[in-house]
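Below, each chain spelled out in residue letters.
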Amino acid sequence: MQKLKEQLYTQIGQAEKVLVGIGSQWKEAPLEAYGHLYEMVKEKDYYIVTTLTDGVVYEAGFDQSRITAPCGNIHWRQCAKACTKDIWEEGELPDETCPHCGAPLTANTVEAETYIEEGYLPGWEAYKHWQAATLNKKLLILELGEGFKYPTVMRWPFEKVAFFNQKACLYRVNRHLSQVPEELGERAVGVDGDPVEFVAGMV
């Protein structure tokens, strides 16, 4: 395992761009774990994609313009009836009711009865623009603990990016689902282990 960590650390240093995916096995990770991750990528041209909705990634020092959370954020608020596409920050409306229809506010996440996607779309568009610029660049993709609840956000797209970019390398760290496509050959590494512990031991 230590050899894999050293290998990954070296490749991050050599990469022109670094794409990090934070998945379900990272849930409830302490802020310190995010700090370790930040130290790994802070000097690189990076982008963070997360399926977590707890919003902790926004507190870890990362450039917030380099984060996208397509499943939403519990600290963003929307009308529970989805009468408007407006999104509010937590505490912005103290009475927690929609100023348009009076319905209660709810967390702007995929768990909402009607998910208002406008909250994450600006970050997603920025991510797509950044991703388009990774073609033919030395790209290191680090997927941390993502399962198959939302495979179209991370797992499958990351594999596709790695397949088409011959200079890309994918590391998939997962306690149970670390398998990588055979088509990627040596450019994909499956690490069977806890993603939080794996990152913590690298810095």
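For the structure, see preceding data.
Throughout what follows, the structure given in this document is the object of discussion.

## Here we look at the overall build of the chain
Working step 1: Helix and strand counts for the chain stand at five helices and nine strands.
Working step 2: In sequence order, the secondary structure elements of the chain are arranged as α-β-α-β-β-β-β-β-α-β-α-β-β-α.
Working step 3: Here the C-alpha radius of gyration of the chain, 18 Å, is about what a compact globule of 203 residues would show, namely 17 Å.
Working step 4: Its C-alpha atoms give the chain principal-axis dimensions of about 55 × 30 × 30 Å.
Working step 5: Residues classed as buried in the chain amount to 49% of the 203 residues present.
Working step 6: At a minimum sequence separation of 6, the contacts of the chain that also span at least 24 residues come to 60%.
Working step 7: Taken as a whole, the chain presents about 10,100 Å² of accessible surface, with 50% of it coming from carbon and sulfur.

## Here's the deal with the layout of surface pockets
Working step 1: Its boundaries defined by the atoms lining it, the largest pocket holds a volume of some 270 Å³.
Working step 2: Lining the largest pocket are 14 residues, and of these Lys27, Thr51, Leu52, Lys149 and Tyr150 sit closest to its centre.
Working step 3: The wall of the second largest pocket is formed by Gln131, Ala132, Thr134, Leu135, Pro157, Lys160, Val161, Phe164 and Asn165.
Working step 4: At the level of secondary structure, the elements contributing two or more residues to the lining of the second largest pocket comprise helix H3 (121-132) and helix H4 (155-164).
Working step 5: When residues in the lining of the second largest pocket are grouped by element, the largest group, four residues, is from H4.

## Describing the environment of glycine 35
Working step 1: Take glycine 35: it is sitting in helix H2 (residues 31-41).
Working step 2: On the basis of relative accessible area, glycine 35 is assigned to the partly exposed category, the value being 25%.
Working step 3: For the pair glycine 35 and glycine 61, spaced 26 residues apart in sequence, the C-alpha separation works out to 7.5 Å.

## Side note on the state of the cysteines
Working step 1: Overall, the coordinates contain zero disulfides when judged by the stated rule.
Working step 2: Left without a disulfide partner, cysteine 79 is nearest to the cysteine sulfur of cysteine 101, which lies 3.6 Å away.
Working step 3: Exposure remark for cysteine 79: the relative accessible area of 0% places this residue in the buried category.
Working step 4: No disulfide involves cysteine 101; its sulfur sits 3.6 Å from the nearest other cysteine sulfur, which is in cysteine 83.
Working step 5: Judged by its relative accessible area of 42%, cysteine 101 is partly exposed.

Criteria and cut-off values
Residues numbered from 1 in each chain as written. Predicted model: local features only at pLDDT ≥ 70, side-chain atom pairs only at ≥ 80, totals over all residues. Heavy atoms only, no water. Helix = DSSP H or I, 4+ residues; strand = E, 2+ residues; numbered from the N terminus. Rg over C-alpha atoms; globule rule 2.2 N^0.38 Å. Buried < 20%, exposed > 50% of the residue type's maximum accessible area, 1.4 Å probe, protein only. Contact = heavy atoms within 4.5 Å. Areas by Shrake-Rupley, 256 points an atom, 1.4 Å probe, with all protein chains shown as cover. 1 Å grid on protein atoms, 1.4 Å probe; cavity = no way out; pocket = protein on both sides within 12 Å on 5 of 7 lines; lining within 4 Å. Points joined across faces, edges and corners; volume = space filled by probe spheres on them. Disulfide = S-S within 2.5 Å.

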